Amino acid sequence: MDESKPLKVRLTFSVILVGVSLLFAAVVTDHWAILSPKVEEYNATCEAAHFGLWRLCTKRIFMQEQGPKEKGCGPISLPGEHNCSYFKHFTPGQSSEIFEVTTQKEYSISAAAIAIFSIGFAIIGTICVLLSFRKKRDYLLKPASMFYTFAGLCIIISVEVMRQSVKRMIDSEETVWIEYSYSWSFACACASFVVLFICGIILLLIALPRFPQNPWETCMDAEPEH
């Protein structure tokens, strides 16, 4: 038996836990994208917004005169009145008119649903790895690696759906938004994809039976997997 295999599994699992944490941070927070309308007049308030998979937050910001290259409202880090509401299609009793007007709710529902699948795959993969530590059930590492890989693929698909949603909002003539930027929740989602996808493949390679080390050694002679 490869004596370094348990250490490799634990090190890979530690990195995977970082990816899972990034995944959870991305899914539960609402700083995926920041939207800014055109400022028509200065020394007055304007309304910028940021949103995630579940809710939209608006912020009324007092804008002083800007430079010639600055046309949007913000930055959103400026102080102002802050208000958040969950998307109407998730909570019918609450209001989210801005989002309903500016993009198709199908994008939001699709991105959220795919992200939930990603969370589910990550949880199942973690359970498999934890169970593999008991009584050396190494065979559970293979499905765990696949679950982590699927989790990474799902979250990057959710990222792309969200990116298309933002692009359509900016391009639409029915919206007031002229500028957008992606924020730290979006970055967490992208980082979790990289970590989960790569480490899922690494975990699969670790879990596979070792190949013959010598030309005359056959697969039947190789050390059996426990």
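Owing to the predicted nature of the structure, the values given are computational and were not obtained by experimental measurement.

> Honestly, the state of the cysteines in this entry has me stumped. Any pointers?
As used in these notes, a disulfide is a covalent bond between sulfur atoms, one from each of two cysteines. Enumeration over the complete set of coordinates arrives at zero disulfides. For the unlinked cysteine Cys188, the closest cysteine sulfur is that of Cys190, found at 9.4 Å. Given a relative accessible area of 15%, Cys188 falls into the buried group. Judged by its relative accessible area of 25%, Cys190 falls in the partly exposed class.

> Even after reading the chapter, I still don't get the confidence of the model for the protein, so can you show me in this structure?
Close inspection of predicted coordinates is inappropriate in any region flagged by low pLDDT. Summary statistics for the protein give a mean pLDDT of 78 and a share of 69% for residues scoring 70 or more. Ranking the helices and strands of the protein by mean pLDDT puts helix H5 (residues 184-207) first, with 94, and helix H2 (residues 97-102) last, with 48. In this model, residues 93-97 is a region of pLDDT below 50 whose contacts with residues beyond four sequence positions or in other chains number nine contacts.

> Sorry if this is basic, but what is going on with the pattern of salt bridges here?
Considering all chains together, one arrives at three salt bridges under this definition. The salt bridge involving Asp138 is made with Lys5; its shortest N-O contact spans 3.8 Å. Taken together, the residues span a long stretch of sequence, with Asp138 in the loop between helix H3 (105-132) and helix H4 (141-171) and Lys5 in helix H1 (residues 5-28) at a distance of 133 residues. By relative accessible area, which is 11% here, Lys5 ends up buried.

Reading guide: rules and limits
Residues numbered from 1 in each chain as written. Predicted model: local features only at pLDDT ≥ 70, side-chain atom pairs only at ≥ 80, totals over all residues. Heavy atoms only, no water. Disulfide = S-S within 2.5 Å. Buried < 20%, exposed > 50% of the residue type's maximum accessible area, 1.4 Å probe, protein only. pLDDT = per-residue confidence, 0-100. Helix = DSSP H or I, 4+ residues; strand = E, 2+ residues; numbered from the N terminus. Contact = heavy atoms within 4.5 Å. Salt bridge = Lys/Arg side-chain N within 4 Å of Asp/Glu carboxyl O.

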